[in-house]
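Coordinate analysis (summary)
Here are the chains, one letter per residue:
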Amino acid sequence: MEPYVYLVDAERTSRSTVLELKGPVRERAMMNDIMRKTGQKVESVSYDTFSMLPFSTINERAAEGSALYKARNEGEKILSMEIESVRELPVDEFFKTFEHRAVDLADEMTFDRTKEEYEEIIRQIIEDEVGKGEGSSFVTPRKCMGSLVDFNDATAKTIFRRLINNEYGTYWKFLFFDGTRYFIGASPERHLEVRHGKALMNPISGTFRKDHSKSREEAMTSLVSFLKDRKEINELFMVTDEELKMMSTMCGAGGKIVGPLLKEMAHLIHSEYLLEGEPNEGEDILALLRKSMFAPTVIGSPVGNACKVVAKYETASRSYYSSAAVLIGRDPADNGAEYLDSSITIRTLEVDTAGKFSIRVGATLVRDSVPAEEVKECEAKVRGMLTALRMDREFTTLRPEGSDEVQKTLVERNERTSRFWMRSQAPGVNASLKGLKVVMSNNEDDFIFMLRHIFVRMGCDVTVFNFFELEKMKAAIETCDLAVVGPGPGDPTDSGRTDGKMGFVRSFLQQLRTLGKPFLAVCLGHQVLSHSIGFDVVQKDIPTQGVQEVVDWYGTQEAVGFYNAFYVKHDAEKLKANSIAEVAVNGMDMLSMRGPHWTSFQFHPESILTVNGFEIVMNETLRLLRKA
């Protein structure tokens, strides 16, 4: 039987239409091996390739120098269909092309980890990774396995029929047969779309479970309470920050944020933002896709270090879970230019021709996660997904977008978000900053690219180096006007190997201080600087990861965003010994220092959680230049 794809794409086809794609499937080692038809003119929208990426494709980012981006591979290849025929079928006509079959489990499902093992892993990640500054969130999946009775091609199509009937609000519903196995999924989340001169991503976080036994009035009351929950609000901001990091590398000309929005599905409602930007001129669509690998909602934040951390706890490959299914074609509306559309591969069943299946579900682990509750959440997800596949279910729609109270609650969320990121980031060039040469140290957190974007919009000329490119940085700061020591994961008090990250950061800071070069130090930079001049840097009892607080910023009240598991203890004697006259404090927590030629920040001025971050960065830069 020849390979095929059946796709229901909410953005391009109606819910009553199925797109059928057929063609040979090739195994590809790298994304650049995917067939392209660049430059070939088309009269109508073409569909050239459909590719299923394994999670291990993220290793391509490691090959480009981002050493953290690594994942296990157990022989998985990119599965790429070279599309030869395309049909659009009405759903009812598609349903008539196969026998509708019962979908039954042959035996009890099993998991790759027991409840106790998974709960212990969750506890370790919260205590040893979130608690010790390795990141603000992590996602590690649990694999469920089973077998379907009398499985055949008609069974796979029956499952897909049930997804079409039982689910709405998804980004893609798809059935992909590669010749040896089936992938059947209903993903709520766009990964990356590049089309018509725009790049789009939509971070999703927050899951409201609809209780169909409640009246609409009761359900809407519960939904409004959910939307006001500070934990849910901050979790969406965290993943939005993470995808803004990606967009900052892809869209130098800026962009905009739309939302927050609600995505209602049959049994869930998600909250999300839509990020839209102008891709870097001339950058290839696969290069953009590579920069976006993969969503923080399925790995963690920051993504690079999250890859390293989850690899410690995952003993097997993720296979095709948490990556992307990718459609590439050409559009006459763009003079035949290529477009790319992709969906995150979650809620996706992988089934071989004998009916043996696996499905993975993950828990997003943050500072206040409860291990036992996360285990229950994963099991509930598996049960819900398999129930949807095995039987038709009725559901109710709330249509919350019609509620004035819901809309008011969503609008209120943006009242304390970054004004810079919520608008189009038009250049705010200050004559004193135009052409300013800025050198930045990337300490394994792509927040540095959000900082770069801010400085570029101010008119500066910015160069970013990885922390281990120490000699290059030291040479560059000889002629630069300002340096930025960026944030990053890890223990700032680590005084082990001098060739470790903290050793490099300390050495760079020492060089800046020796030269008297003006610099800003953000989060980890603030902590390492403070530790190196004698201040105590202490692990927090409760990490402030993805938390907004209103603080006293040198006489003004500012709402700012924190991502830290350590803090610098205020010490008046050490301030005096280091000739530091001005500090911003919150109790014993030293939030900022204004040194002889530098300013440090414990919070992240570049985060969406910092309302006036652009102005804070610009004003501190101008202040340092006036002193220089």
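Here the structure is a predicted model, which is why all the values come from computation and not from measurement.

**Notes on the overall build of the chain**
Along the chain, the regular secondary structure elements total 17 helices and 29 strands. Relative to its length of 628 residues, the chain is compact, with a C-alpha radius of gyration of 25 Å against a globular reference of 25 Å. Each of the 628 residues in the chain was classed as buried or not, and the buried ones make up 60%. In the chain, 77% of the contacts between residues at least 6 apart in sequence involve partners at least 24 apart. Summed over all atoms, the accessible surface of the chain reaches about 24,100 Å², with 47% contributed by carbon and sulfur. Once the 79 positive and 94 negative side-chain charges of the chain are each reduced to a mean point, those two points are 2 Å apart.

**Observations regarding unusual backbone geometry**
In this model, Gly-259 is joined to Pro-260 through a cis peptide bond whose omega is 10°. Along the chain, the position of Pro-260 falls in strand β14 (residues 255–264). Put simply, Ser-301 and Pro-302 share a cis peptide bond, and its omega is -10°. Assignment of secondary structure puts Pro-302 in the loop between β16 (300–301) and α8 (303–313). Positioned with a positive phi, Ser-322 is a non-glycine residue whose angle comes to about 70°.

**Some remarks on the nonpolar core**
Ile-184 and Phe-455 are the most contacted members of the largest nonpolar core, which has 129 residues in total. If one sorts the elements of this core by residue count, helix α6 (residues 230–250) sits on top with 9 residues. Non-local contacts of Phe-455, meaning those with residues more than four positions away in its chain, are made with Val-438, Met-440, Cys-460, Val-462, Leu-482, Val-484, Leu-520, Val-617 and Thr-621. Counting residues in hydrophobic clusters, the runner-up holds 32 residues, among them Phe-467, Leu-524, Ile-533 and Trp-598.

**Some details on the sheet that holds strand β29 (residues 598–601)**
The strand order β22-β21-β23-β24-β29-β28-β27 describes an open sheet built from 7 strands, whose pairing is mixed. Here the strands that pair on one side only, and so sit at the sheet edges, are β22 (461–466) and β27 (582–586). Strand-to-strand twist of the sheet, defined as the mean angle between neighbouring strand axes without regard to direction, takes the value 15°. Here strand β21 (residues 437–442) pairs with strand β23 (residues 482–485) via 4 bridges, running parallel.

**Things to note about helix α12 (residues 447–457)**
Along α12, 9 of the 11 residues are buried, which leaves the element largely enclosed by surrounding structure. Among the residues of α12, Phe-447, Ile-448, Phe-449, Met-450, Leu-451, His-453, Ile-454, Phe-455 and Arg-457 are the ones counted as buried.

**What to know about the pattern of salt bridges**
The full count for this structure, using the stated rule, is 35 salt bridges. The shortest N-O distance in the salt bridge between Glu-20 and Arg-87 comes to 2.9 Å. Linking Glu-20 in strand β2 (residues 17–22) with Arg-87 in strand β6 (residues 85–90), this pair joins segments that are 67 residues apart in sequence. One continuous salt-bridge network, built from bridges that share partners, spans Arg-190, Glu-193, Arg-195 and Asp-331.

**Examining the environment of Ala-337**
One can find Ala-337 in strand β18 (residues 337–344). C-alpha separation for the pair Ala-337 and Thr-97, spaced 240 residues apart in sequence, amounts to 35 Å. Each residue touching Ala-337, except ones within four places of it in the same chain, is listed here: Gly-329, Arg-330 and Asp-331.

**Comments concerning the packing of aromatic side chains**
Counted by the stated rule, this structure contains 27 aromatic pairs. In this structure an aromatic cluster arises from ring pairing among Tyr-4, Tyr-6, Phe-94, Phe-95, Phe-98, Phe-151, Phe-160, Phe-177 and Tyr-182. Sitting over the ring of Phe-111, Arg-142 keeps its end group 4.0 Å from the ring centre.

**Some details on the packing of helix α14 (residues 501–515) against helix α15 (residues 524–532)**
In a packed pair of helices, the relevant descriptors are the angle between the two axes and the axis-to-axis distance. Running from N to C, α14 and α15 point in directions that differ by 75°, and their axes come no closer than 10 Å. Of the possible angle classes, the one that applies to α14 and α15 is roughly perpendicular. Facing Lys-501, Met-502, Val-505, Arg-506, Leu-509 and Arg-513 of α14, the residues of α15 in contact are Leu-524, Gly-525, Val-528, Leu-529 and Ser-532.

**Focus: the environment of Ile-83**
Position of Ile-83 relative to the elements: it lies in the loop between β5 (78–82) and β6. Separated by 79 residues in sequence, Ile-83 and Tyr-4 place their C-alpha atoms 9.0 Å apart. When near neighbours in sequence (up to four residues on either side) are disregarded, Ile-83 contacts Leu-21, Lys-22, Lys-37, Tyr-47, Asp-48, Thr-49, Phe-50 and Leu-327.

**Notes on the pairing of β22**
When a strand is regular, its side chains alternate between the sheet's two faces. In this structure, β21 lies alongside β22, joined through 6 bridges in parallel fashion. Within β22, the residue paired with Lys-437 across the bridge is Asp-461. The parallel pair β21 and β22, bridged by α12, forms a crossover whose chirality is right-handed.

**A closer look at the environment of Val-86**
Mapped onto the elements of the fold, Val-86 is located in strand β6. If sequence neighbours within four positions are ignored, Val-86 has contacts with Leu-19, Glu-20, Leu-21 and Tyr-47.

The rules behind the values
Residues numbered from 1 in each chain as written. Predicted model: local features only at pLDDT ≥ 70, side-chain atom pairs only at ≥ 80, totals over all residues. Heavy atoms only, no water. Helix = DSSP H or I, 4+ residues; strand = E, 2+ residues; numbered from the N terminus. Rg over C-alpha atoms; globule rule 2.2 N^0.38 Å. Buried < 20%, exposed > 50% of the residue type's maximum accessible area, 1.4 Å probe, protein only. Contact = heavy atoms within 4.5 Å. Areas by Shrake-Rupley, 256 points an atom, 1.4 Å probe, with all protein chains shown as cover. Lys, Arg positive; Asp, Glu negative; His and termini not counted. Charge placed at Lys NZ, Arg CZ, Asp CG, Glu CD. Core = buried A, V, L, I, M, F, W, Y, C linked by side-chain atoms within 4.5 Å. Pairing = 2+ DSSP bridges. Axes fitted to C-alpha atoms, helices over the stretch in contact; angles between N-to-C directions. Salt bridge = Lys/Arg side-chain N within 4 Å of Asp/Glu carboxyl O. Phe/Tyr/Trp six-rings, centres within 6.5 Å; stacked < 30°, edge-to-face > 60°. Lys NZ or Arg CZ within 6 Å of the ring centre and 35° of its normal. Parallel < 35°, antiparallel > 145°, perpendicular 65-115°, else oblique. Right-handed = clockwise from strand over helix to strand, strands pointing away.

In short, shape yes, function no, at least from these values alone.
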